[in-house]
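Residue-level structure breakdown
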Amino acid sequence: MLSCNIKGVTNGFPLRIEAEKVVEKQVDFNADFLKNMFPKIEWKALVAAAKSMGYTDLPDQAESSMIDSEEFLKKFHHALLQLHLEEGALICPETGRRFPVNKGIPNMLLHEDEV
Amino acid sequence: MASRPELQAPPDIFYDDAEARKYTSSSRIIEIQAELSERALELLALPDDGVPRLLLDIGCGSGLSGESISDHGHQWIGLDISHSMLSVALERDVEGDLIHSDMGQGLALRSGVIDGAISISAVQWLCNADKSSDEPRLRLKAFFESLYRCLGRGARAVFQFYPENLAQRELILGFAMRAGFAGGVVVDYPHSTKRRKEFLVLTCGPPSLGAAVPNGKGENADSCSDNDELSGDDENQTVCISDRHRPRKRQKTNKKGKGRQWVLKKKEQMRRKGNAVPPDTKYTARKRKARF
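Reading guide: rules and limits
- Residues numbered from 1 in each chain as written.
- Chains lettered and ligands numbered in written order.
- Predicted model: local features only at pLDDT ≥ 70, side-chain atom pairs only at ≥ 80, totals over all residues.
- Heavy atoms only, no water.
- Axes fitted to C-alpha atoms, helices over the stretch in contact; angles between N-to-C directions.
- Helix = DSSP H or I, 4+ residues; strand = E, 2+ residues; numbered from the N terminus.
- Parallel < 35°, antiparallel > 145°, perpendicular 65-115°, else oblique.
- Left-handed = near helix turned anticlockwise from the far one by under 90°.
- Contact = heavy atoms within 4.5 Å.
- pLDDT = per-residue confidence, 0-100.
- Salt bridge = Lys/Arg side-chain N within 4 Å of Asp/Glu carboxyl O.
- Buried < 20%, exposed > 50% of the residue type's maximum accessible area, 1.4 Å probe, protein only.
- Polar contact = N/O pair within 3.5 Å; in protein donor to acceptor, adjacent residues only side chain to side chain.
- Patch = residues over 30% accessible without salt bridge, like charges linked within 9 Å, V, L, I, M, F, W, Y side chains within 5 Å.
- Areas by Shrake-Rupley, 256 points an atom, 1.4 Å probe, with all protein chains shown as cover.
- Lys, Arg positive; Asp, Glu negative; His and termini not counted.
- Charge placed at Lys NZ, Arg CZ, Asp CG, Glu CD.

1. Regarding the packing of helix H6 (residues 136-150) of chain B against helix H7 (residues 166-178) of chain B
Residues and elements named next belong to chain B.
- Two numbers describe how H6 lies on H7: the axes approach to 9 Å, and their chain directions differ by 45°. Put simply, H6 runs oblique to H7. Crossing handedness for the pair H6 and H7: right-handed. For the pair formed by H6 and H7, the contact residues are Arg-137, Leu-140, Lys-141 and Phe-144 on the first element and Leu-171, Ile-172, Phe-175 and Ala-176 on the second.

2. Observations concerning the packing of helix H2 (residues 17-25) of chain B against helix H5 (residues 83-91) of chain B
All names here are of chain B.
- Where H2 contacts H5, the two axes come as close as 8 Å, and the packing angle between them is 50°. By the criterion of interaxial angle, the relationship of H2 to H5 is oblique. In this structure, H2 crosses over H5, and the sense of that crossing is right-handed. Contact with H2, carried on its side by Asp-17, Ala-20, Arg-21, Tyr-23 and Thr-24, involves Ser-84, Met-85, Val-88 and Glu-91 of H5 and no other residues of that element.

3. Looking at the confidence of the model for chain B
Residue and element names in this part refer to chain B.
- Per-residue pLDDT for chain B has a mean of 75; in total, 78% of the residues score no lower than 70.
- Here strand E8 (residues 225-226) is the element of chain B with the lowest mean pLDDT, 40, and helix H8 (residues 260-273) is the one with the highest, 88.
- Across residues 207-211, confidence stays below pLDDT 50; counting only partners more than four residues off in sequence or on other chains, it has two contacts.
- Every residue in residues 219-244 scores below 50 in pLDDT, and together they form 51 contacts with partners more than four places removed in sequence or on other chains.

4. A short note on the pattern of salt bridges
Residues and elements named next belong to chain B.
- Per the stated rule, a full pass over the model turns up ten salt bridges over all chains.
- Of the charged contacts, one joins Arg-92 and Glu-67 as a salt bridge, the two residues approaching to 3.2 Å between their closest N and O atoms. Separated by 25 residues along the polypeptide, Arg-92 in the loop between H5 and strand E3 (97-100) and Glu-67 in helix H4 (residues 64-71) bring together distant segments of the chain.
- Notably, a salt bridge pairs Glu-145 with Lys-141, separated by 3.6 Å at the nearest N-O pair. Residue Glu-145 and its partner Lys-141 are located together in helix H6, separated by four residues, close to a single helical turn.
- The exposure class assigned to Glu-145 is partly exposed, which follows from its relative accessible area of 39%.
- On the basis of relative accessibility, which here comes to 40%, the residue Lys-141 falls in the partly exposed class.
- Salt bridges linked by common partners bring Lys-267, Glu-268, Arg-271 and Asp-280 together as one network.

5. Quick look at the side chain of Arg139(B)
All names here are of chain B.
- By the element assignment, Arg-139 lies in helix H6.
- Overall, the relative accessible area of 9% leaves Arg-139 in the buried class.
- Within the structure, Arg-139 has its side chain in polar contact with the side chain of Asp-102 (distance 3.2 Å).

6. Looking at a positive patch on the surface
Residue and element names in this part refer to chain B.
- A contiguous patch of positive charge on the surface is contributed by Arg-28, Lys-194, Arg-195 and Lys-273.
- On the secondary structure map, Lys-194 appears in the loop between strand E6 (182-188) and strand E7 (197-203).
- Overall, Lys-194 belongs to the exposed group, its relative accessible area being 74%.

Structural data, given as structure tokens:
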């Protein structure tokens, strides 16, 4: 859901992921939360992000009717909440600016000329 | 604290490793932050349907406030400018996702993804010009505009902060209004200098039913909210009236001893401050024997 914030960038989303280390966290499964989040997620971006982190089980297309299926929800839950980028970088699709990720924290601080 | 931390150094330098550790291990601070977070979550008025929401914790620091959010069962994303504070948060293994960023540069989030935002003791840092290239107004503008964008419809943002003076509060309110927010300032315990806390409650989009700015807390539930209605066209906003809450100079009491009236008045003052005071009975300030 992060998008590039540099001045002048129109298409700053989605940020590509360059994954160096991916970790799987354990998060409690909550169907209501997932259903709430589903309309806000840009599905193609999530699939691309999951793929770059090594998770290819997500279906390429997703319709709102699919959220009733338990299996789909489980995959969604895994991709959204449990996959965690530990080390790597996020790359702006337009300018190519790299935002490094250390210990799971992306550093989104912009330089002075970018604000 | 003798002086305000904002005047000592910019936040990423003030909260270095030593200070971050000190801040997080102080039990007094932990207690205060927990209390403030609970109150902020209360003011956030999320629907009580058991559905966890995605919240933003702006200036999350070492995750003290984030823990309160997790306790309520919500997911959160925390932002902070101080790397040291974030490291402490990692050590404490907080449940939220952390981002190292500067709120004055704008929140780098897509539109409408957040269900609510809280910020505990952080927004006042925006008003300082730390680097020569900073201009607090631009930072405030960027912050509020991007916040307005990433909040979903009907979502609220609650900020507990420490404005330095009236002008600073006006400044912050002004920028929030210009970004499109509606809302006002809620003041808890306005009569007590120690316990007084200010919350900026902002709503996004047309207010739903029951989205009136809640009343602040005080003894006897006085309505202590400064209701500046921040509707869009009102450029000449109403002046913040919190000076009214400053305790007036007490009238000189009768020098001939401290009678019952005086005692009752004092007890009432203490009650307003929020202290526990025994009830007034017929024994209050009763004349006792000389050799009591």
